[in-house]
Amino acid sequence: MEFFDVIEKRRSVRNFKPGDVPESDVENILETGRAAPSGANMQDREFIVIRDRDTIAKLNQIQPGFDNGPVVIAVVMSTAATRWGSFWVEDCAACVENMLLAATALGYGSVWIEGTLLKKEQWAKKLLGVPDDRRLYVLLPVGHPAEAGKQAPRRTLDEMVHYEQYGGQNPKS
Ligand SMILES: Cc1cc2nc3c(=O)[nH]c(=O)nc-3n(C[C@H](O)[C@H](O)[C@H](O)COP(=O)(O)O)c2cc1C
């Protein structure tokens, strides 16, 4: 799929129909997480690939709906600061976005589960055996979308872009 089509087609998929995601595709998705930029090149992320049905059913308690997907990628972050500052949240976001786009390019759906995970992070860390000094920050269920799904509403560029100074108009309009 062409790059800009991938950007356009990606949307949060929270429900999956039956169908596997082969290990080679999971590895391709993980590779794009590995390739993402990171502050001071810390690469402070690790991934857990979860296929065990019981574990996925338990994780589904965090946010019901994705337990019919074949695989979940959990993103685990080290939170060490660099001498320029702490970048691990951004590092996490960069690798998550890459993996969401890769899943889309391969014809799968996924969703960035972070808000609901935060509330149950300690519980989920225990379930997945994540060490105390790491954060379990995002879950990415990956599978075949149950339905096409509509694109979520977006603000227009006119509402978001300023020219030369904040509040500046587009010189072409
Ligand atoms: C930081 C962050 C946290 C998110 N947490 C959740 C979440 O916990 N559960 C969920 O279903 N979606 C979550 N999302 C997905 C957003 O709800 C979704 O991206 C947004 O509504 C736009 O829809 P779209 O992804 O289909 O374009 C999260 C997205 C981001 C960037």
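Calculation criteria
- Residues numbered from 1 in each chain as written.
- Predicted model: local features only at pLDDT ≥ 70, side-chain atom pairs only at ≥ 80, totals over all residues.
- Heavy atoms only, no water.
- Helix = DSSP H or I, 4+ residues; strand = E, 2+ residues; numbered from the N terminus.
- Buried < 20%, exposed > 50% of the residue type's maximum accessible area, 1.4 Å probe, protein only.
- Contact = heavy atoms within 4.5 Å.
- Phe/Tyr/Trp six-rings, centres within 6.5 Å; stacked < 30°, edge-to-face > 60°.
- Lys NZ or Arg CZ within 6 Å of the ring centre and 35° of its normal.
- Near = heavy atom within 4 Å.
- Polar contact = N/O pair within 3.5 Å; in protein donor to acceptor, adjacent residues only side chain to side chain.
- Areas by Shrake-Rupley, 256 points an atom, 1.4 Å probe, with all protein chains shown as cover.
- Nonpolar A, V, L, I, M, F, W, Y, C, P; charged D, E, K, R; others polar.

(A) A look at the overall build of the protein. Regarding its fold elements, the protein presents seven helices and five strands. Secondary structure of the protein in N-to-C order comes out as α-β-α-β-α-β-α-β-α-α-β-α. Taking the principal axes of its C-alpha atoms as reference, the protein extends roughly 60 × 45 × 30 Å. Buried positions account for 38% of the 173 residues belonging to the protein.

(B) Structural detail: the environment of Ile50. Looking at the secondary structure, you find Ile50 in strand β2 (residues 45-50). The class of Ile50 is buried, set by a relative accessible area of 5%. The spatial distance from the C-alpha of Ile50 to the C-alpha of Ile73 is 6.2 Å, given a sequence separation of 23 residues. If we ignore the near neighbours within four places in the chain, the residues touching Ile50 are Thr55, Ile56, Leu59, Pro70, Val71, Val72, Ala74 and Leu128.

(C) View of the packing of aromatic side chains. Scanning the entire structure with this criterion turns up two aromatic pairs. Residues Phe3 and Phe4 carry aromatic rings whose centres are separated by 5.2 Å and whose planes lie at 85° to one another, so their mutual orientation is edge-to-face. For the pair shown, Phe3 and Phe4 are each scored as exposed. Here the aromatic rings of Trp88 and Tyr137 are separated by 4.8 Å at their centres, their planes lie at 75°, and the arrangement is edge-to-face. On the criterion of sequence distance, the pair formed by Trp88 in helix α4 (residues 88-105) and Tyr137 in strand β5 (residues 134-145) is long-range, its members being 49 residues apart. Both residues of the pair, Trp88 and Tyr137, belong to the buried class. Over the face of the ring belonging to Trp123 we find Lys120, whose NZ or CZ atom lies 5.8 Å from the ring centre.

(D) Spatial organisation of the site of the ligand. The ligand sits among 13 residues. The nearest are Ser12, Arg14, Gln63, Trp112 and Arg154. In this structure, an oxygen atom belonging to the ligand sits 2.7 Å away from a side-chain N or O atom of Gln63. A distance of 3.2 Å is found between an oxygen atom of the ligand and a backbone nitrogen or oxygen belonging to Glu114. When the free accessible area of the ligand is taken as 620 Å², the share hidden by the protein chains comes to 66%. By residue class, the composition of the shell around the ligand is four nonpolar, four polar and five charged.

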